[in-house]
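# Analysis of the macromolecular model
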Amino acid sequence: MSTVEFFKDPNLWFSIISATLAVIALFQTKSQIQISNRQQLFDRRLDKYILLKDLLALYSKNRNLISKKSDICEMVDFQFSCLTNNSTLESMNQAMSTPLEQDVQNVFLTKCEQLEKAAIEIELIWVNDSAKIMSQFIRQYKDLLMAMYKQQISLNHLEKDNKKSPMLLEVFQKRAKESAEEIGLFSAINDLDSTFEEILNTNAERRLINSIRLDGGKYDKT
């Protein structure tokens, strides 16, 4: 078959056109997958940022309440309700009223697990220093809630003891403070507040916002 006849062969052109369309379809599929992946990443980042924003706002608003350690070791239910005053965490509030009730405890622990998972996911979907500090903030927020929960249980026991055998106010306060120290309530407050200060000083929230994008740009390494 001559070269001219070869190129006049309709089967050849059909094969060339089919191969070309297949290549185009492959590139289109790849492009669609990339767009879909970027959209999914955007959605995951946005979801976690909203959680972060809520927690940062709650802590900022109630920071002074939490810092009064002489008060919080004797009464944690009000401060706890302030730190969980949003749609994501509000179901945890009942843990202060009946902390050892099984259903209530399950809700509390489930919410703590969700916060821990969110902290882990943040470090996976963002690869920068801002993500690390934000992940740390959420984890320490969870740790503080758990310490407050344990302190409430301790206070309930103290109140029962007080009813059976009334104790001086100074004795009650001393035992409440000792319990808070043993549980790690004060250290949990200090750790969270230190991380919050770092977030403010490094402008970490703004850096994280800047990396929530659909254009597939490079991660902010700063």
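Every residue gets a number counted from 1 within its own chain, in the order that chain's sequence is written. For a predicted model such as this one, the threshold for reporting local features is a pLDDT of at least 70, and the threshold for listing and counting side-chain atom pairs is 80 or more; totals across whole chains, interfaces and linings nevertheless cover every residue. The side-chain figures draw on all heavy atoms in the structure; neither hydrogens nor water molecules are used.

Working definition: a ring pair exists when centres of Phe, Tyr or Trp rings (six-membered ring for Trp) sit within 6.5 Å. Plane angles under 30 degrees give stacked, over 60 give edge-to-face, the rest tilted. Applying the stated criterion to the full structure yields six aromatic pairs. Measuring from ring centre to ring centre gives 5.0 Å for Y59 and F196, while their planes differ by 65°; the resulting arrangement is edge-to-face. Note that Y59 is positioned in helix α2 (residues 10-67) and F196 in helix α8 (residues 185-202), a separation of 137 residues in sequence. Here the two residues Y59 and F196 agree in accessibility, since each one is buried. Judged by centre distance (4.2 Å) and plane angle (20°), the ring pair of F108 and Y149 falls under stacked. Taken together, the residues span a long stretch of sequence, with F108 in helix α5 (residues 102-125) and Y149 in helix α6 (residues 129-164) at a distance of 41 residues. Both residues of the pair, F108 and Y149, count as buried. Put simply, the rings of Y59, F137, Y141 and F196 touch in pairs and so form one group of aromatic residues. Only DSSP runs of H or I reaching four residues or more are called helices, and only runs of E reaching two or more are called strands; each is numbered from the N terminus. Exposed residues in this analysis have more than 50% of their type's maximum accessible area, buried residues have under 20%, and partly exposed residues fall in between, with area computed by a 1.4 Å probe over protein chains only.

A word on the nonpolar core. If you look at the biggest cluster of nonpolar residues, it comprises 54 residues, and the most contacted ones within it are F137, I138, Y141, L144 and L185. Elements supplying a minimum of two residues to this core: α2, α4 (77-83), α5, α6, α7 (169-183), α8 and α9 (204-210). With 14 residues, the top contributor of residues to this core is α6. Any pair of residues with heavy atoms lying within 4.5 Å of one another is described as a contacting pair. Ignoring sequence-local partners within four residues, the contact set of L185 consists of I72, C73, V76, L144, A147, M148, Q151 and A180. Nonpolar core, defined: a set of buried Ala, Val, Leu, Ile, Met, Phe, Trp, Tyr and Cys residues in which side-chain atoms within 4.5 Å join the residues together.

So, about unusual backbone geometry. If you check the backbone angles, N203 has positive phi at about 55° while not being a glycine. Examined against the element boundaries, N203 turns out to sit in the loop between α8 and α9. For N203, a relative accessible area of 44% gives the class partly exposed.

Take T195: it is sitting in helix α8. Not counting residues up to four positions away in its chain, the partners in contact with T195 are I133, Q136, F137 and Q140.

Glancing now at the pattern of salt bridges. Here, a salt bridge means any side-chain nitrogen of Lys or Arg that lies within 4 Å of a carboxyl oxygen of Asp or Glu. Within the structure shown, the criterion is met by ten salt bridges. Salt-bridge contacts for K142 lead to D143; the nearest nitrogen and oxygen are separated by 3.0 Å. Given a relative accessible area of 11%, K142 falls into the buried group. Residue D161 is joined to R175 by a salt bridge in which the shortest nitrogen-to-oxygen separation is 3.3 Å.

So, about α7. Across its 15 residues, α7 extends 21 Å between first and last C-alpha, which sits within 8% of the 21 Å expected from 1.5 Å per residue. Among the residues of α7, F172, A176, S179 and A180 are the ones counted as buried. Taken end-on, α7 shows its buried residues confined to a sector of 100°, consistent with a single buried face. Projecting away from the buried face of α7 at angles above 90 degrees are the exposed residues E170, K174 and E182. Those residues of α7 that are buried lie in contact with α6 and α8. Looking at the residues trailing α7, positive phi occurs at G184, about 95°. The span you would expect from a helix comes to 1.5 Å times its residue count less one. Arc definition: it is the arc formed by the directions from the helix axis to the C-beta atoms.

Attention now goes to the packing of α5 against α6. Whenever a helix is involved, its axis is fitted only over the stretch in contact; in every case the axis is a line through C-alpha atoms, and angles between N-to-C directions fall within 0 to 180 degrees. At a closest axis distance of 7 Å, the pairing of α5 and α6 adopts a crossing angle of 165°. Taken together, the axes of α5 and α6 lie roughly antiparallel to each other. Note on packing geometry: the crossing formed by α5 with α6 is left-handed. Together, Q105, F108, C112, L115, E116, A118, A119, I120, I122 and E123 of α5 and A131, K132, S135, I138, R139, K142, L145, M146 and Y149 of α6 make up the contact between the two elements. Residue composition of the contact of α5 with α6, grouped by class: twelve nonpolar, two polar and five charged. By the definition adopted for this analysis, an angle is roughly parallel if under 35 degrees, roughly antiparallel if over 145, roughly perpendicular if from 65 to 115, and oblique otherwise. In this scheme, a crossing is called left-handed if the near helix is turned counterclockwise away from the far one by less than a right angle; it is called right-handed if the turn is clockwise. In the scheme used here, Gly and all other residues not listed as nonpolar or charged are polar, with Ala, Val, Leu, Ile, Met, Phe, Trp, Tyr, Cys and Pro taken as nonpolar and Asp, Glu, Lys and Arg as charged.

Relative to the helices and strands, N62 resides in helix α2. Residue N62 is classed as buried on the basis of its relative accessible area, which comes to 7%. Residues contacting N62, with those up to four places away along its chain left out, are C82 and L83.

Taken by themselves, the reported measurements are silent on function.
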